[in-house]
Each structure stands twice: as C-alpha cells, then as structure tokens.
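# Summary of structural features
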Amino acid sequence: MDLHGRDVKQDVRELGALLGDVLAEQTSEASFETVEDIRNAAIDYREGKRESRTELDRLLEGLSPEGESTVARAFTTYFELINLAEERERARVIREASQADTLDDGLVATVETLVESDADPETVQRVLDDVLIEPTFTAHPTEARRKTVKAKLRSIASRLEELDERRLTDREHDQLWRKVDAEVTSLWQTSQVRDRRPEPQDEARNVQWYLENILFDVVGEVYAELEDLLADEYPEVDVPKLFEFRSWAGSDRDGNPFVTPEVTTDTLERQRSVVLEKYRQALKGLSGILSQDGSRADFGAELERSLKADRDRLPGVAREAEERYPDEPYRQKLKLMRERLRRIEDVRPDGYGEKDELLEDLGVIDRSLRSMGAEVVADEYVEPLIRQVDTFGFTLASLDLRDHQENHTEAVHEALAGEGIDYRGRDEEGRAEVLTDAILQEEQVVDLEEPGDVSETAARVLRRFEKLGEWQREFGVAAIDTYCISMTEEPSHVLEVLFLADQAGVVSLPDHCGLDIVPLLETESALNGARRIMGTLFENEAYAEALDARRNIQEIMLGYSDSNKENGFLAANWDLYKNQRRLAGICDDFDVRMRLFHGRGGSISRGGGPMNEAMLALPNETVTGQIKFTEQGEAIAEKYANPQIAERNVEQMLNAQVRSRLQAIREPEEDVHDEWIAAMDEMAVTARAQYTDLLESDGFVTYFGQATPIGVIENLNLGSRPASRSGERTVEDLRAIPWVFSWTQSRCIITGWYALGTGIETYLDEGGDIETLREMYREWPFFRTTLDNASLALARTDFEIASYYADLADPDLRGEFFPHLQEEYERTRDIVLDVTGRETLLKREWLDDSLRRRNPYVDPLNLLQTQLLEQTHRTDDEEQTLRLTVKGIAAGMKNTG
C-alpha cells in the first residue's frame, strides 16, 4: 500500500520553482535572473564545476541595496520552504516505518526490550512507576522567525500534507497547489524581521500553542498505544502517569526585567482558560458519543450516586439536563461536568476544586461503560481524556519560577535589616543559622506586603513571593510549584528561597511545603562543591522537613550552556558526566531521591542533540526514573510543530527512559573501566587548558567581535531578554545563546568541537592507545554520544566560508587566531574520523543529504552578510537586509544558539 504520493525531491523541486515564479512576479524578471545566476554560481562551485567563488563574489558585489534585499529575502524564503519539505519527509519516514513495524526506538521496541530482557511483571511495573518525563519549555531567545511567518509556514505545511497523503483528482490537486501559491506569495510580501522585541506574553503564547494544538492530543495517543502493547505481554501491569509538561515562559526572571508578576498572572490565567476549554470541548464531543438509553440498560449505582451529588450541588442545571436528555444519564452527567468546569473561572460556587475531582467523574463514567460491556467505547473515548486531564491538569503546563541568587540574597538582607538583623555581615554558617531559625519559628519575621524602604531589586523579589502565595491559592499549588536558583554557590542561596516562601505562607513546616527548590549548578566551583552544598542542605533541620513534605525528592539543575562557555566542549561534557555521578552518590548517602534537571539548549554547543540518545548516555546512578530537561527555541518547532514528529519524539523519550531505568535497576552503578575514566580525565584537562588559553588570549574578544556578527545579533529582536547580563561584551558576561549563535552564523562553530582534537592527540602522545578510544566509542554511550555530537558541529563548520568572516578582523588578529582555529578543526576532524571509523563526519545519511542540499544556498547569504558587515556605514535598508541574512542563515543551518 502506497502511503504517500510525493517525495522530498519533488517537494524541494516544486517549492523552489514556485518561489522562483513568485519572485519574478513580485519583483521583476531581472531580479529573478540575478538570483538564479547567484544560485547557479554557488552550486557550480560546490559541485566542483568552478575552481573558485570569484563569480559568486562578483555577482554579490554588483548588487544594489535593493538587489541585496531581494537576494537575502529569496534565499531566506527558500530555506523556510525547504525546511517544510524536510519536515514532511520525516513524517513520511515515520509513517512508513510504523506501517512496516521497523521503528527501532518506538513503543513496539520498548515492549520488545522488556520482553527480551526477561523482565517480569513486577519489574515492569516498578520501571513504569518510577518513570516521569518532564519536558520544560523555555522562552530563551533562540527562535529567529516571527510568529506571523510561522503561521504562514504551518499553513503551507498542512497543504503539503494533504497533497502527500490524500488521493486527489487533478482538479483537487490544482486547487490545493493554488492555495500553496497564494501562501508563498503572501509569505514573500510579509516582513521576515521583527520590528520590536517580543514581549514575555508573546513567548508564553508561543509555548502554549504547541501544548494546546499538538501535545494535548499526542499524549493520549501515546498512552493508548502503550497500553495496547503492554496488554498483550503484561496484562497485569497498570500504566501510571509518565509525562508532565512544564514551562518557563512568563515566569523566568533571570536577567529579564520584563517578566513581572502581572505577566505571570496573565500566563496562568490564559493557560487555565485554554485547557479548561479543551476539556469542555472534549466533554461535548463525548456527549455526542455516549447516547446510551437509560430505560434499556443498567448504568450502575456509582453513576446514580454521582448524578445525585451533582443534582444536590447544581439543582437548576440538573433539571435542565434532565429535560434536555431524558433517560440519557451519561449526557446529563457530562452537561453537569461542563458546568463545573465553567465555574472554575466563575464567581459562582461549585466548580471543580482540583483535577482529581474531574478525574473521579471521568472514572465513574469509565467504570460504568465497562460494566455494561462497552470497554471499546471507554478505551477509545474516555481513557484518552483521563490521560489528558492527569497530564495537563487545570494548568496546561506548570510554571517554574527562576531568578539569580544575588537578587534573593539582596532581598533577604534588606528585609532582615529592617528587622534589625545583620544578614549581609554574617558568614555562610551564620546566614544559614538565621534563615533556619526563622523558617522553623511560627511567627512571621518580615512583612512581604509592606517591607519598608527597600531597593527596587529587593521590592521586586519580595513582591514575587507575596504573589506566589496568591497564585497557589488561586490556581492550585501544582500550577507554579518549582523555584530554580541560577548560579547557586552556597547552601544559603537555597535556604533564602525557602525562607521567603515560608514568609509568603507557601511553606508551613513540617506539614506543608508548596515548592520544589532547585539549585542550578553551572559553574566549575559549584559543581566541585556539590557535596558541601547539598550535604549541608540535607543535614539542615528546616530543609530536611521541607524535603520530607515534598516526598523526599530533590531536583537539581545542571547548566550545560554556561559550563560549555566556561570550560569548552569536551571538558564541559566530562565535568557534567562526573558531577551527575557525584550528585547521585550524595543523594544516595542521604537517602534522598534525585531528579536531575538538564538545562540543555537546542544546539550541540549547549547540550543539544537527540534527546533519546542523551538519555541513554546518562550514568546509571543518575537514572532514578524521573528526568526533566529544557526544550528551547527552534528545537521546539522542529520537534513539536508536526503531530507525527511530536508523537515520535515523545515515544523515543519514553523508550529511552524505560530502557535506562530498567538498566539502572539491574546495574545500579555503571561499569565504566578505570582506563576509560583515566583517558577522559587526561583529555579533558588538556582540552580545558587549551580552551581557556584561547579565551584569555589578548585580542581574542576583539577578534570575536570583528569576525562574527555578534553586533547584529545583540540588536536582533529575538526574545524579550537582553543578550548579556550587564550590557558588557565579555565572554564571561555574554549569554551562551548569542555566543553560540555568532559562531554558528560565521560557520566556525568552535563551541561544538574546539580543543577536542588537542585533548585526544595529547592523550595519544602521552602513551594512550587509539584502540582504547575506539573501544570507548563502541561500548560507552557517553563517549559515543560526545563524539557523534562533535561530528555534527564539525560537519556544519566550513572554514572556506569562515575565512570571509576572518577577513573582517584586523590583519594581526586574523593572523593570530584564524590559522590556529583552522588547524584545530582539521586535527579534530581527522581524529574523530579515526576513532569512529567512519569516512564521513555524519553517521546518518539523511543528515548528509540535507547538508549537501543546503550548503549552496547558505553560501550566498554568508557572503552577502560579510559584505554588509564590512561596510562602516549602512543605511536603514541595509541594516534590515543584514538582519535578514541572520534569519536566513539560521533557517539554512536549522540552528541559532
């Protein structure tokens, strides 16, 4: 059976031709010919038909400012369309593999793994009970496209899906293609560049779209398939809650002064409204299904008791339901349930208080249907809704608060100073003692509502905690129950948040703690001091009581981005691996269950890469079953914009976590050879020294500013958060996203490979064995994933293009740094190929095909960008074109930061 009527080559060819037609119509035939000449010159060079890029350079240098804009727009739009074609191809591959039952890391493979490993039902139940996967969507500014542009692209994507999967007459095909033509025309006429920074509410709505329109439905489908598969092999196993979605959009304050309490309130209100409307629609749909006649069947005493309770609670609505649906008890019940949902946001009483009440009502209907022999109806229509309510609750996604530890310290100091307590003047032990005593005493120490004369920073923090109590009372504790502390360095930084939450009434020990307090360990000193920090907290009386009230689970966040920026690719990856094992040991010593929160970015340089592979590469000691990780920027759209791809990602994550947890149960401590650890230690030490020497070299920051488009990126309206923490351009102060974004744009992606080659070469020169490295690659998931991720960054690096950017720098700086970077690239590339045993950097053929398809079209944008960067004075139109080249290269590389 043919599932599809098209392939990726046809999509690319026809979308490219359509764009050419639109370009000619909307500009001129001459503009079209110019773009074609540039395109062909770039392709000819890449295919070896030209010995140099001289012709391409000549064509670009001869452009007028208007021509530059047209070229930038043409190639940017091309990539937007080609990305849709490749997305469609991914969906094709998933559907075809599913039909052929060859998805090797899907749910079928998950159950097969359990069976083939001789896992008994008790073990399978334990594994599933332990698993909780928490993707956490952030508002980090790495999404380069405007919301309007994304909406048009989603419309085109839906047309491509129809063309591919529907059996169409010639007339229907032509009608659909005209709609694609119209959308591409409209896309051409739409500005690609934002004229303002997005506001935090815009970012929250962006995250909300994926949850509301894609994941809400996908989750129910994943649970249904897993239950069907398990029923055949493990009928006695119950599938518990396995997923929970969280968000930082609208609540992350770290470095973003625009995220105010009003923004958070608006986000909570809107998310609740969205998810309640989804439930009301689902119940209305159920009413159309559950039309069973009450005069001819016994629906059970439980349903009758539930209806009676509703009649007592809502007599007027109950009478209306009985009149409208006589002898149809399910429909009566569903109408009353819709009314109770409506009253959650209403001044009228008797709305649902929490999701468990709605789940109980759905359970009553589910059990009634099964008692009547209608299991298929319950499985198909009620069970998926139960899963959705259990996953999304009344919040859609729970919010995490986050701020920098310095702000909490300042707020506590000023608040306590008003009460005559010198907090700042105390040492760490003294601070912890004051905070502990204050938390454990019943009387409130500070008045959050009227703290007195305090600074703007302190007032902002104190008001946030005051509002936190209000948010939990209004929206429920689960709506906003996590607080992440950036740059945690001391135990007091955690106790400060516990103290402020206690003053807000969010904590009342020993009985209640409405907050998971999450230290973010991201610096080398914090990671190396983890035992001191966490051990001190676990031994602290107040914190131990808070942990006990939170089911003895300690969430700890690891910062991948800043660790990489501080230490370099190899050293950062090794530090994170070792420190995860160290944290697991600390938590185990204190009999605390650990949940690691992986602060991963979308790019390889910031901890990105395939999430399922990353999960499988985690040390066994850290795999407790619960895992949390950030989803950011363009990676969100790539993974969750298409329902089939989203479902595939969710299944892969579940497959990886089930396999990892089963392995961790059977082998609690990962067997890593001492020889491998020694090799990594040696390579990482050398790599870190090489990387820090580069960063600390005189003139390197200047070279970075001259040889990358960082100046443009700092002024792009990518997100609501500023590009740096203080406005200074230093590597230390610059946020990891623009740091990585800049190197990616210049095709010199040192953040994903620099010093790896030197580290490995030094190990070999000092007596190390290449066969040991090859064995590590074959048998150690951590090392294999590290090299595979570096390979991807190496493959996207292009030093011929990077040389154009290097030419923008002062000659002396270029002469010092560029040859060195190129030498390190070549060293790393050659060594990685030797260790992996591959002839090409990319192990996946489709990635290789994609890169070859894209390179000739990215090249003109890179060269045009350097041409514009070289100009000392640019008009407003030229500035706009320069920004557009950044968007286009990001689309072509499918990566920002």
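For the structure given in this document, a descriptive report is provided here. (Residues numbered from 1 in each chain as written. Predicted model: local features only at pLDDT ≥ 70, side-chain atom pairs only at ≥ 80, totals over all residues. Heavy atoms only, no water.)

### Remarks on the packing of helix α7 (residues 147-165) against helix α8 (residues 170-188)
- It is at 10 Å that the axes of α7 and α8 come closest, and there the two elements cross at 165°. Considering the angle they form, α7 stands roughly antiparallel to α8. Relative to α8, α7 is oriented so that their crossing is left-handed. Here Val149, Lys152, Leu153, Ser155, Ile156, Arg159, Glu162 and Leu163 of α7 come into contact with α8, specifically with His173, Leu176, Trp177, Lys179, Val180, Glu183, Val184, Ser186 and Leu187. (Axes fitted to C-alpha atoms, helices over the stretch in contact; angles between N-to-C directions. Helix = DSSP H or I, 4+ residues; strand = E, 2+ residues; numbered from the N terminus. Parallel < 35°, antiparallel > 145°, perpendicular 65-115°, else oblique. Left-handed = near helix turned anticlockwise from the far one by under 90°. Contact = heavy atoms within 4.5 Å.)

### What about the packing of aromatic side chains?
- Applying the stated criterion across every chain, the model contains 34 aromatic pairs.
- On the basis of an interplanar angle of 55° and a centroid distance of 6.3 Å, the ring pair of Trp753 and Phe799 is categorised as tilted. Linking Trp753 in the loop between α31 (736-745) and α32 (756-765) with Phe799 in helix α35 (residues 799-806), this pair joins segments that are 46 residues apart in sequence.
- Classification of Phe799 as buried rests on a relative accessible area of 8%.
- An aromatic cluster is present here, built from Phe137, Phe216, Phe245, Tyr279, Phe392 and Tyr640 joined pairwise through their rings.
- Seen from the ring of Trp188, Arg73 lies directly overhead, with NZ or CZ sitting 5.6 Å from the centre.
- Its end group placed over the ring of Phe597, Lys628 keeps NZ or CZ at 4.5 Å from the ring centre. (Phe/Tyr/Trp six-rings, centres within 6.5 Å; stacked < 30°, edge-to-face > 60°. Buried < 20%, exposed > 50% of the residue type's maximum accessible area, 1.4 Å probe, protein only. Lys NZ or Arg CZ within 6 Å of the ring centre and 35° of its normal.)

### Focus: a negative patch on the surface
- A contiguous patch of negative charge on the surface is contributed by Asp101, Glu112, Glu116, Asp228, Asp232 and Glu233.
- Those elements that place two or more of their residues in the negative patch are α5 (107-116) and α9 (200-233).
- If you tally residues by element for the negative patch, the top one is α9, at 3 residues.
- The residue Glu116 is located in helix α5 in this model.
- A residue is classified by how much of its surface remains accessible, and Glu116, at 63% relative accessible area, is exposed. (Patch = residues over 30% accessible without salt bridge, like charges linked within 9 Å, V, L, I, M, F, W, Y side chains within 5 Å. Areas by Shrake-Rupley, 256 points an atom, 1.4 Å probe, with all protein chains shown as cover. Salt bridge = Lys/Arg side-chain N within 4 Å of Asp/Glu carboxyl O. Lys, Arg positive; Asp, Glu negative; His and termini not counted. Charge placed at Lys NZ, Arg CZ, Asp CG, Glu CD.)

### What to know about the pairing of strand β7 (residues 516-521)
- The buried count for β7 comes to 6 of 6 residues, which makes it a mostly enclosed element.
- Side chains Asp516, Val518 and Leu520 project from β7 onto one buried face, and the interleaved Ile517, Pro519 and Leu521 project onto a second face that is buried too.
- Here 4 bridges tie strand β4 (residues 482-486) to β7, and the two strands are oriented parallel to one another. Looking at β7, one finds that Tyr483 is bridged to Ile517.
- In this structure, β7 lies alongside strand β8 (residues 553-559), joined through 2 bridges in parallel fashion. Note that in β8 the partner of Leu521 across the bridge is Leu558. (Pairing = 2+ DSSP bridges.)

### Quick notes on the pattern of salt bridges
- One pass over the full model with this rule turns up 85 salt bridges.
- Where Asp798 meets Arg46, a salt bridge forms, and the shortest distance between an N and an O atom there is 2.6 Å. With Asp798 in the loop between α34 (781-796) and α35 and Arg46 in helix α2 (residues 29-46), the pair connects residues that are 752 residues apart, well separated along the chain.
- On the basis of relative accessibility, which here comes to 30%, the residue Arg46 falls in the partly exposed class.
- The partner of Glu162 in a salt bridge is Arg166, and the shortest N-O contact between them spans 2.9 Å.
- Under the relative-accessibility criterion, Arg166 is labelled partly exposed at 42%.
- In this structure, a network of salt bridges that share partners links the residues Glu134, Lys241, Glu244, Arg246, Asp400, Asp481, Asp516, Arg550, Glu555, Arg595 and Lys628.

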